[in-house]
Amino acid sequence: MVLIYYNLATAYPAQTLYQSVLVHAPVSLFHGWLVFVFWLNLLAIFTSVQDPAHPSFFLSALVFLIMVKLTATASSYVEWRHESGDVAGAGVIAWCLFCVSAGQPSLFIKWSAFILGLFVTFHGIFRPAQYHIKQHAATAGEQQPLVPGDQA
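Computed from a predicted structure; not experimentally measured.

**With respect to the overall build of the protein chain**
Within the protein chain, the regular secondary structure consists of five helices and zero strands. Shown N-terminal to C-terminal, the secondary structure of the protein chain runs as helices and strands in the order α-α-α-α-α. Within the protein chain, buried positions represent 30% of all 152 residues. Counting only contacts in the protein chain whose residues sit at least 6 apart along the sequence, the fraction spanning at least 24 positions is 61%. Accessible area for the protein chain stands at about 10100 Å²; split by element, carbon and sulfur atoms hold 71% of it.

Printed below as a string of structure tokens:
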């Protein structure tokens, strides 16, 4: 799936809105979901918790590190392609972090997931907007040289 996602994004960029919505977005959503499910299943396979409301310190630290890894992955999705990034994949990971927050009885994991989900959400919203504002400012007439050919 990673190869399909990478090849689609690099070799076949979306030319139209239909390609973005009907081809790239579903693959991006599915890839973000697979990244989350991979880490969730890895935790389920290698850990066992008797009391979900009071996990051990080791398990809480491990879950926190995995959530930080998911946050870094979602942030890198947004930063990957400078024009728009992969906001859909980052949105799926943010949604999954909010779901972890909603269903977790441990207060540390609950609030950590909520804060990291907010970070991914705001980063996914404001970073592409910041890029578009910067692009618009760079092409504005005020930024053009007064004398043609003078690139100082």
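**Observations regarding the packing of aromatic side chains**
All chains considered together, the criterion is met by six aromatic pairs. The interplanar angle of 80 degrees and the centroid separation of 5.2 Å between the aromatic rings of Phe38 and Trp39 together place this pair among those described as edge-to-face. For Phe38, a relative accessible area of 48% corresponds to the partly exposed category. Judged by relative accessible area, Trp39 falls into the partly exposed class, the value being 22%. Ring centres of Phe122 and Phe126 lie 6.0 Å apart, and the angle between their planes is 20 degrees; on these two criteria the pair is classed as stacked. Separated by four residues within a single helix, Phe122 and Phe126 lie in helix α5 (residues 107-138), roughly one turn from each other. Taken together, Phe98, Trp111 and Phe114 form an aromatic cluster joined through their ring pairs.

**Remarks on the nonpolar core**
In terms of nonpolar packing, the biggest core is built from 25 residues, with Met67 and Ile93 touching the most fellow members. Listed by contribution, the elements that provide at least two residues to this core are α1 (2-11), α2 (17-46), α3 (57-80), α4 (87-103) and α5. Sort the elements by how many residues they give to this core and α3 lands first, with eight residues. Setting aside residues no more than four positions away along its own chain, Met67 makes contact with Leu97, Val100, Ile109, Ser112, Ala113 and Leu116.

**Some remarks on a nonpolar patch on the surface**
Taken together, the side chains of Met1, Ile4, Phe30, Trp33 and Leu34 present a nonpolar region at the surface, about 460 Å² in accessible area. Top element by residues in the nonpolar patch is α2. It accounts for three residues. Tracing the sequence through the fold places Trp33 in helix α2. Trp33 gets classed as partly exposed once you look at its relative accessible area, which sits at 42%.

Thresholds applied
Residues numbered from 1 in each chain as written. Predicted model: local features only at pLDDT ≥ 70, side-chain atom pairs only at ≥ 80, totals over all residues. Heavy atoms only, no water. Helix = DSSP H or I, 4+ residues; strand = E, 2+ residues; numbered from the N terminus. Buried < 20%, exposed > 50% of the residue type's maximum accessible area, 1.4 Å probe, protein only. Contact = heavy atoms within 4.5 Å. Areas by Shrake-Rupley, 256 points an atom, 1.4 Å probe, with all protein chains shown as cover. Phe/Tyr/Trp six-rings, centres within 6.5 Å; stacked < 30°, edge-to-face > 60°. Core = buried A, V, L, I, M, F, W, Y, C linked by side-chain atoms within 4.5 Å. Patch = residues over 30% accessible without salt bridge, like charges linked within 9 Å, V, L, I, M, F, W, Y side chains within 5 Å. Salt bridge = Lys/Arg side-chain N within 4 Å of Asp/Glu carboxyl O.

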